[in-house]
2 protein chains.
Amino acid sequence: MVGLEFNILGTSAGGGRRGQINLPHRAVQTPVFMPVGTAGTVKAVPQDVLETLGAEIILGNTYHLYLRPGHEAIRRMGGLHRFMSWPRAMLTDSGGFQVFSLAQLRKVTDEGVRFQSHLDGSSHFFTPEHSIDVQIALGADICMAFDECTEYPADRSRAEESLRLTMAWARRSLDHFRAHQHEVPWHDELGGRKQSLFGIVQGGMYKDLRRESAERLVEMDFDGYAIGGLSVGEPPELTLEMIAEVLPLLPADKPRYVMGVGYPDQIERYARMGVDMMDCVLPTRAARHGLLFTSEGRINIKGARYAEDQGPADPACNCPVCQRYSRAYLRHLMQAREALSGTLNSIHNLAYYLGIMERVRKSLAIKGSELAS
Amino acid sequence: MVGLEFNILGTSAGGGRRGQINLPHRAVQTPVFMPVGTAGTVKAVPQDVLETLGAEIILGNTYHLYLRPGHEAIRRMGGLHRFMSWPRAMLTDSGGFQVFSLAQLRKVTDEGVRFQSHLDGSSHFFTPEHSIDVQIALGADICMAFDECTEYPADRSRAEESLRLTMAWARRSLDHFRAHQHEVPWHDELGGRKQSLFGIVQGGMYKDLRRESAERLVEMDFDGYAIGGLSVGEPPELTLEMIAEVLPLLPADKPRYVMGVGYPDQIERYARMGVDMMDCVLPTRAARHGLLFTSEGRINIKGARYAEDQGPADPACNCPVCQRYSRAYLRHLMQAREALSGTLNSIHNLAYYLGIMERVRKSLAIKGSELAS
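Residues numbered from 1 in each chain as written. Chains lettered and ligands numbered in written order. Predicted model: local features only at pLDDT ≥ 70, side-chain atom pairs only at ≥ 80, totals over all residues. Heavy atoms only, no water.

### Re the overall build of chain A
In terms of regular secondary structure, chain A is built from 14 helices and 16 strands. Relative to a compact globule of 373 residues, whose C-alpha radius of gyration would be 21 Å, chain A shows 20 Å and is just as compact. Taking the principal axes of the C-alpha coordinates as reference, chain A spans close to 60 × 55 × 50 Å. Counting across all 373 residues of chain A, residues that qualify as buried make up 61%. Of all intrachain contacts in chain A linking residues separated by at least 6 positions in sequence, the fraction that spans at least 24 positions is 67%. Put simply, chain A shows about 13,600 Å² of open surface, and 49% of that area lies on carbon and sulfur atoms. (Helix = DSSP H or I, 4+ residues; strand = E, 2+ residues; numbered from the N terminus. Rg over C-alpha atoms; globule rule 2.2 N^0.38 Å. Buried < 20%, exposed > 50% of the residue type's maximum accessible area, 1.4 Å probe, protein only. Contact = heavy atoms within 4.5 Å. Areas by Shrake-Rupley, 256 points an atom, 1.4 Å probe, with all protein chains shown as cover.)

Next comes the structure, spelled out in structure tokens:
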């Protein structure tokens, strides 16, 4: 069975690397930013536009899709790729983060987490095994181990206890995944190509716990490694410190993924440090509130100063929105609360984020003359 | 100055005709359905998609655009075409219908209508002259005379009084339009091409009043003629009766436009009777509520029966939505209240409406072998 292959095509002195992750549905160029498609849609952006923007891999949220429309329904329909008509690569999170941030009345035991749906209050129980079952049913190219995202701030004993759970759940996630990964809906269709599973480094803001977490996960031998529990309220210096601490401990020949980050300057910096994958709701969520990321900095398109500004959102941007629409028009759509506002703003912000990664990739050295052009 | 030219390319025994309206921004094939772009956007549908669907002319609402962002701002930005980046043809209504249906605390005099904005309660005064000024500033290819849309039901004396106003306002609209139409923002840019003005037949559900209205408008010599005050709550037979009564009284060599209609079977029927232009919010409004028009009839995509239906919304449709997405996915988007739902549903419904008109056009005989292919 062919699963994830990761080829490093170039490296920089700062630790950054350009690579390619071969996944069942797509060869993905890294470093890569993954737009978030929570409920089977990157909010307000049609799939063909995502393709045009060059999105090679998007993220789906297991918690949301499990609750609605349900993973069994998605499995019966051939998996999430087919359900949402997304032919390129996809990654699902484990549901853990949402169980801890969205669900109600949580009760955590070694076995798993009992919680109530934020949609209808119905009761559910998630274990590492169940999370993996759901993710196999959804059929993303990359699944994530079920973890407990340690909150911030967390004292030492809380962080230790949380890490203990996450490590035990990582082991169980991996064992269950290996036993069942052939059940992915597209297994036969794609000639037996297989899903991958990433482990998630936790440990709060304690460097030694982060190190312990990374080392133990590496021993388990995942297909890739994520750094989780960041961007949860801590100061940005601390985020950076934790990433810098963990990255050198992760195998150089496997993808490294920092979850849930960040602002444009952050994702560029992390990518140049050697982070291969990132995801964040920020570009799309900010877009819906009128916050646009541009080469001239952030602008709040609702501002009266843009009322008759006929220039594009970002003069340096060649996305379809900047090529066609003015700041004045984008402002008007916000003012009038028109649905097109969220769509156009999101398209621009995603183009901006994807453009950053493209620029970083180009700036990283390429080994081999055939790729130098 | 070149304005509207209307060429009839073919006719049918039933009165239907295939034609082409040459407008400053586009040669429009008729009979044509015009998607409604109330506030400078056909709700939830990006402009490039409208182009792909083959929309040749869209409608803008003068009342909405006058209130927000304001016609003077739009004039300064070069007109509505440029403001919303719509290069094809456009028609604006007079604002009359919205003043009577949306605004508050209306006071009608012979001079005009004082009303309060539905947005912020601010006080405004619309006269025929002002409506025309606003429409010239917006710069659509076709403007409409300022009229009073007679409500349904209306007794005879009310309908007579309403018609008296509409006829006086039509005269004033036309006089003011002729004196000012050179002020359109794109006048120089398009080599002096000019806007057109249509008169609106009213008269409630009284045939003799409708006849009187049509005859008096024709005497005034507008560029085209609309039948207004229909689809305001009357039974469909009555709508049909009024259209059948008025159509023969309108000049055969000018476009005939029935405002605010209708369901798919209605627009097809009216087109085959000789109506050249129609507009309606129905395809987009229904879409946002999950009602899809298909070759198999209307379906409510929210229905549980579609939960795992992997077929397209309409098996006979080749719109981008039916080519890519399943009923199950469209249902899921509605259930999850995702913004993409309104976009995809609207695209399909508009494709369906535009497709009806395309089919009708093809079925109408063409004079001249060069157009017969």
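### Focus on the sheet that holds strand 2 (residues 17-23) of chain B
Residues and elements named next belong to chain B. The 3 strands lie next to each other as 1-2-3, forming an open sheet whose pairing is antiparallel. Two strands in the sheet have a free side with no partner beyond their single neighbour: strand 1 (5-11) and strand 3 (26-30). Sheet twist, expressed as the average angle between the axes of neighbouring strands with direction ignored, equals 15°. Of the pairings in the sheet, the one linking strand 1 to strand 2 comprises 6 bridges and is antiparallel in character. Across the sheet, Gly10 pairs through a bridge with Arg18, a residue of strand 2. (Pairing = 2+ DSSP bridges. Axes fitted to C-alpha atoms, helices over the stretch in contact; angles between N-to-C directions.)

### What to know about the interface of chain A and chain B
Put simply, an interface is often sized by how much accessible area is lost when its parts join up. Between chain A and chain B, the residue contacts involve 39 residues of the former and 39 residues of the latter. Carbon and sulfur atoms make up 50% of the area that chain A and chain B hide from each other, which totals about 3,100 Å². Remark: the boundary between chain A and chain B carries 6 salt bridges. Note that B:Lys43 and A:Glu338 form a salt bridge whose closest N and O atoms lie 2.5 Å from each other. Taken together, chain A and chain B are joined by 18 residue pairs in polar contact (both at pLDDT 80 or more). Here the side of chain A that touches chain B gets 5 residues from one element, more than from any other, and that element is helix 13 (residues 327-335) of chain A. Taken together, the residues that form the side of chain A that touches chain B break down as 20 nonpolar, 9 polar and 10 charged. (Buried area = accessible area lost by both parts, 1.4 Å probe. Salt bridge = Lys/Arg side-chain N within 4 Å of Asp/Glu carboxyl O. Polar contact = N/O pair within 3.5 Å; in protein donor to acceptor, adjacent residues only side chain to side chain. Nonpolar A, V, L, I, M, F, W, Y, C, P; charged D, E, K, R; others polar.)

### Observations regarding the packing of aromatic side chains
All names here are of chain B. Across all of its chains, the model carries 22 aromatic pairs over all chains by this definition. Each ring, one from Phe115 and one from Phe126, has its centre 5.6 Å from the other, and the planes form 65°; the classification is edge-to-face. Within this pair, whereas Phe115 is found in strand 8 (residues 113-116), its partner Phe126 is found in strand 9 (residues 123-126), the two being separated by 11 residues in sequence. Like Phe115, the residue Phe126 is buried in the burial classification. With 6.2 Å between their ring centres and 75° between their planes, Phe222 and Tyr225 make a pair best called edge-to-face. Like Phe222, the residue Tyr225 is buried in the burial classification. (Phe/Tyr/Trp six-rings, centres within 6.5 Å; stacked < 30°, edge-to-face > 60°.)

### Quick word on helix 13 of chain A
Residue and element names in this part refer to chain A. Of all 9 residues in helix 13, 8 are buried, a share of seventy percent or more. Within the sequence span of helix 13, burial applies to Arg327, Ala328, Tyr329, Leu330, Arg331, His332, Leu333 and Met334. Looking one or two residues past helix 13, Arg337 carries a phi angle of roughly 50°, positive in sign.

### Quick look at the packing of helix 10 (residues 264-273) of chain A against helix 14 (residues 339-363) of chain A
All names here are of chain A. Where helix 10 contacts helix 14, the axes come no closer than 10 Å and their chain directions differ by 25°. When the axes of helix 10 and helix 14 are compared, the pair comes out roughly parallel. Handedness of the crossing formed by helix 10 with helix 14: right-handed. Across from Pro264, Ile267, Glu268, Ala271 and Arg272 in helix 10, the residues of helix 14 making contact are Tyr352, Tyr353, Ile356, Met357, Arg359, Val360 and Ser363. Looking at the contact of helix 10 with helix 14 residue by residue, the class counts come to 8 nonpolar, 1 polar and 3 charged. (Parallel < 35°, antiparallel > 145°, perpendicular 65-115°, else oblique. Left-handed = near helix turned anticlockwise from the far one by under 90°.)

### Focus on the layout of surface pockets
Quantified by volume, the largest pocket comes out at close to 1,000 Å³. Lining the largest pocket we find 49 residues, and of these A:Phe97, A:Gln98, A:Gly260, A:Val281 and A:Arg285 sit closest to its centre. Put simply, the parts of the chain that give the lining of the largest pocket at least two residues each are helix 2 (62-67), helix 5 (96-101), helix 9 (236-246), helix 10, strand 14 (277-280) and helix 11 (282-288) of chain A. For the lining of the largest pocket, the per-class residue count stands at 21 nonpolar, 19 polar and 9 charged. Of the volumes computed, that of the second largest pocket is approximately 890 Å³. When contributions to the lining of the second largest pocket are tallied by element, the ones reaching two or more residues are helix 5 (96-101), helix 9 (236-246), helix 10 (264-273), strand 14 (277-280) and helix 11 (282-288) of chain B. For the lining of the second largest pocket, the class distribution of residues is 18 nonpolar, 18 polar and 7 charged. (1 Å grid on protein atoms, 1.4 Å probe; cavity = no way out; pocket = protein on both sides within 12 Å on 5 of 7 lines; lining within 4 Å. Points joined across faces, edges and corners; volume = space filled by probe spheres on them.)

### Digging into the nonpolar core
Ranked by internal contacts, the top residues of the largest apolar core, which has 200 residues, are A:Phe222, A:Met278, B:Phe222 and B:Met278. Excluding residues within four positions of it along the chain, B:Met278 makes contact with B:Val32, B:Phe33, B:Met34, B:Tyr257, B:Val258, B:Val261, B:Ile267, B:Tyr270, B:Ala271 and B:Met357. (Core = buried A, V, L, I, M, F, W, Y, C linked by side-chain atoms within 4.5 Å.)

### Quick notes on the pairing of strand 16 (residues 297-300) of chain A
All names here are of chain A. Both strand 15 (residues 291-294) and strand 16 contribute to a ladder of 4 bridges, which runs antiparallel. Across the sheet, residue Thr294 finds its bridge partner in strand 16, namely Gly297. Connecting strand 15 to the next strand, strand 16, in antiparallel fashion are 2 residues.

### Overview of the relation of the copies chain A and chain B
When chain A is fitted onto chain B, the two copies agree to an RMSD of 0.0 Å after a turn of 180° and an axial shift of 0.0 Å. These values place the two chain copies in the arrangement generated by a two-fold rotation axis. Relative to the rotation axis, the C-alpha of A:Ala339 is the closest in chain A, positioned 3.6 Å from it. Of all interface residues in chain A, 100% are interface residues in chain B too; the two copies therefore contact each other through one and the same surface. (Least-squares fit on C-alpha atoms with pLDDT ≥ 70 in both.)

### As for the pattern of salt bridges
Working definition: two side chains of opposite charge can pair if their charged atoms are close together. For the structure on display, the rule yields 51 salt bridges over all chains. A salt bridge links A:Arg82 to A:Glu189; its shortest N-O distance comes to 3.1 Å. A residue pair is termed long-range when its members are at least 10 positions apart, and A:Arg82 in helix 4 (residues 80-84) and A:Glu189 in the loop between helix 7 (156-180) and strand 11 (196-201) qualify at 107 residues. Across the pair A:Glu308 and B:Arg76 runs a salt bridge, and its minimum N-O distance is 2.5 Å. A residue pair is termed interchain when its members come from two chains, as with A:Glu308 in the loop between strand 16 and helix 12 (320-324) and B:Arg76 in helix 3 (residues 71-76). For A:Glu308, a relative accessible area of 34% translates into the label partly exposed. Residues joined in a network through salt bridges with shared partners are B:Lys207, B:Arg211, B:Glu241 and B:Glu245.

### A look at the confidence of the model for chain A
Residues and elements named next belong to chain A. Of all residues in chain A, 97% attain a pLDDT of 70 or more, and the chain-wide mean is 95. Contacts from residues 368-373, a stretch scored under 50 in pLDDT, to residues over four places away or in other chains number 3 contacts. Reported for the predicted complex are a pTM of 0.97 and an ipTM of 0.97. (pLDDT = per-residue confidence, 0-100.)

### A word on the environment of B:Leu209
Residues and elements named next belong to chain B. For Leu209, the location among the structural elements is in helix 8 (residues 207-220). Measuring from C-alpha to C-alpha, the distance between Leu209 and Pro236 comes to 19 Å, with 27 residues separating the pair along the chain. Aside from chain neighbours lying at most four places away, what touches Leu209 is Arg156, Ala159, Glu160, Leu163, Gln202 and Gly203.

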